[in-house]
Amino acid sequence: MPSFGLRHRRAWASLFSQLLRPSGLVCIREVHFHSQVSEAVLTSQLKPHQEKSNFIIKTPKGTRDLSPQQMVIREKILDMVVGCFKRHGAKRLDTPAFELKEMLTEKYGEDSGLIYDLKDQGGELLSLRYDLTVPFARYLAMNKVKRMKRYHVGKVWRRESPTIVQGRYREFCQCDFDIAGQFDPMIPDAECLKIMCEILSGLQLGDFLIKVNDRRILDGMLAVCGVPESKFHAICSSIDKLDKISWNDVRHEMVAKKGLAPEVADRIGDYVQCHGGVSLIEEMFQDSRLSQNKQALEGLGDLKLLFEYLTLFGIPEKISFDLSLARGLDYYTGVIYEAVLLQTPAQAEESLNVGSVAAGGRYDGLVGMFDPKGHRVPCVGLSIGVERIFAILEQRIKTSGQKIRTTETQVFVATPQKNFLHERLKLISELWDAGIKAELLYKNNPKLLTQLHYCEHMGIPLVVIIGEQELKEGVIKLRSVVSREEVAIKRENLVAEIQKRLSES
């Protein structure tokens, strides 16, 4: 019999006593089974210790931790973005990190294969959300909301090959702003583009350009070029790669891999290499082929109106009508746009190639896909590429050698003498109660030099010092860490003096 603990020996004795019954053959099988279970229990207890030396502590592929220094940069980005969303009257919304799988399928075209499916644990097939747009559309349909201006900041997950150096991850944060409801044409769309300009300018990323197109123009262009309707999505996904590879490579993919006739691909090439402003829109109105397509004319008409509003907003020079823009997501139905950073050759050598930093468009049919009666709620929105922007700003800070302060502590409570912990605790409590951000060292008798060095290292601007002399005189010494100047302040005036200095800094 294997050598196990007392509990296992008793189990063996009980099983052998049952072998004396007529059903002994069955009991022998039970003995064999219990032997296997016991061995499995023992093995599972030993395994963690045996394998610990081979265990690698790491984050999953395509994910990362963010250090306190990195979180400071990220919070500044998010504060700027959310502040802009609020300035434009948006309400905040949140949705679950995972959705019913059926809610997400057939919404993303070829990208549907990138959705993370969860193991079935309660009778529901679930998937992690791929973006924040589809959950928003589901929310509108489920709650019968017909009009809403909302923003949403949250994580999404995509099962793609990550490119960490370019700010591409499998788990990443999105910041979305959307306007849902039936409104006069192009007014909400123009506001979305204005918001993108405000955010990208506010973050001081450098010069940028927002490319604009319309899915109706794109579909009309493909139709007049002779692309079969069954190939529209496949060809659009090829055109969408023009910001990454050359036209010759895109043409080769269309012809060799997707079976498009070479002359049709050449006609497409005549269009997708065009970009400009209002003059290009007028030119397309006169185009002999495109002007014959009703869908394309509708899109051109809306773009002309959009540029009129963008001129009133003072941002037409930041917008380019680009016929190569073909946002790959299936749910877009009208205007689409994407922001890219413009770089000089010198900047390009120093910085990251992160692709687009913001994107969005109009999706008038998505809510109707969730509504049992197919009721539509027109929507338009944008998404800010937080991870890519973060990668750019982080690299700039590293290059400049700028030190990042990771706390917001305003005052440090110090003492030069022993046995003053109680007095420090009473004093810091007064500061906390007054709303002042304050710290002390968690030691009974810290050295004054150690406390002052801590303040310099952490960038804390003010130190309040209490000792025997100060206690007797009813004062507190207030010290500037940068100038090292000290003044004695009456204790009852200390909070007011600190608040005054903080407001002036």
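Check the entry above for the structure.
The structure displayed is predicted, hence computed values, not measured ones.

> What should I look at first to understand the overall build of the protein chain in this one?
Helix and strand counts for the protein chain come out as 19 helices and 16 strands. Residue burial in the protein chain is summarised as follows: out of 505 residues, 46% are buried. Put simply, of all contacts in the protein chain between residues at least 6 apart along the chain, 68% involve residues at least 24 apart. Here the protein chain displays about 27200 Å² of accessible surface, and carbon together with sulfur accounts for 53% of that area.

> I keep staring at the nonpolar core and nothing clicks. Help me out?
Nonpolar side chains in soluble globular proteins generally cluster together in the buried interior. If you look at the biggest cluster of nonpolar residues, it comprises 81 residues, and the most contacted ones within it are Phe-85, Ile-210, Met-221, Ile-239, Ile-268, Phe-321 and Tyr-337. By size, the runner-up hydrophobic cluster in this structure holds 25 residues, among which are Val-134, Leu-325, Tyr-363 and Cys-379.

> Looking at this structure, I do not really get the packing of helix α9 (residues 247-257) against helix α10 (residues 262-272). What am I missing?
Think of two packed helices as two axes; the pair is described by the angle between the axes and how far apart they sit. Put simply, α9 and α10 touch, their axes get as near as 10 Å, and they point 145° apart. In the crossing of α9 with α10, the sense of the turn from one axis to the other is right-handed. On α10, the residues touching Trp-247, Arg-251, Met-254 and Val-255 of α9 are Pro-262, Ala-265, Asp-266, Ile-268, Gly-269 and Val-272. Within the contact of α9 with α10, the residues separate by chemical class into seven nonpolar, one polar and two charged.

> What is the right way to read the side chain of Asp-364 from this model?
Note on placement: Asp-364 falls in the loop between β10 (356-362) and α14 (366-370). Overall, Asp-364 belongs to the buried group, its relative accessible area being 17%. Here Arg-362 takes part through its side chain, which lies 2.8 Å from a polar atom of the side chain of Asp-364.

> Help me out: how do you make sense of the packing of aromatic side chains in this one?
In this description, an aromatic ring pair is defined by two values, namely the gap between the centres and the angle between the planes. Counted by the stated rule, this structure contains five aromatic pairs. An angle of 50° between the planes, with centres 5.6 Å apart, marks the rings of Phe-412 and Tyr-454 as tilted. In this pair, Phe-412 is assigned in strand β12 (residues 411-414) and Tyr-454 in helix α17 (residues 448-458), connecting sequence segments 42 residues apart. The class of Phe-412 is buried, set by a relative accessible area of 0%. One aromatic cluster is present, built from ring pairs that chain together Phe-85, Tyr-151 and Phe-177. The ring of Phe-136 has Arg-150 sitting right over it, with the charged end atom 4.2 Å from the ring centre.

> In this structure, what is going on with the pattern of salt bridges? I would like to understand it.
Side-chain pairs of opposite charge can arise where the charged atoms are in close proximity. By the definition in use, this model includes 25 salt bridges. In this structure, Asp-189 and Arg-362 form a salt bridge, with 2.9 Å as the shortest nitrogen-oxygen distance. Here Arg-362 lies in strand β10 and Asp-189 lies in helix α6 (residues 187-202), a separation of 173 residues in the sequence. Taking relative accessible area as the criterion, Arg-362 reaches 13% and is therefore assigned buried. Residues Glu-253 and Lys-258 are paired through a salt bridge, measuring 3.4 Å at the closest nitrogen-oxygen approach. There is no split in this pair, since Glu-253 and Lys-258 are both buried. Put simply, Arg-64, Arg-74 and Glu-387 are held in one network by salt bridges that share partners.

Rules and cut-offs
- Residues numbered from 1 in each chain as written.
- Predicted model: local features only at pLDDT ≥ 70, side-chain atom pairs only at ≥ 80, totals over all residues.
- Heavy atoms only, no water.
- Helix = DSSP H or I, 4+ residues; strand = E, 2+ residues; numbered from the N terminus.
- Buried < 20%, exposed > 50% of the residue type's maximum accessible area, 1.4 Å probe, protein only.
- Contact = heavy atoms within 4.5 Å.
- Areas by Shrake-Rupley, 256 points an atom, 1.4 Å probe, with all protein chains shown as cover.
- Core = buried A, V, L, I, M, F, W, Y, C linked by side-chain atoms within 4.5 Å.
- Axes fitted to C-alpha atoms, helices over the stretch in contact; angles between N-to-C directions.
- Left-handed = near helix turned anticlockwise from the far one by under 90°.
- Nonpolar A, V, L, I, M, F, W, Y, C, P; charged D, E, K, R; others polar.
- Polar contact = N/O pair within 3.5 Å; in protein donor to acceptor, adjacent residues only side chain to side chain.
- Phe/Tyr/Trp six-rings, centres within 6.5 Å; stacked < 30°, edge-to-face > 60°.
- Lys NZ or Arg CZ within 6 Å of the ring centre and 35° of its normal.
- Salt bridge = Lys/Arg side-chain N within 4 Å of Asp/Glu carboxyl O.

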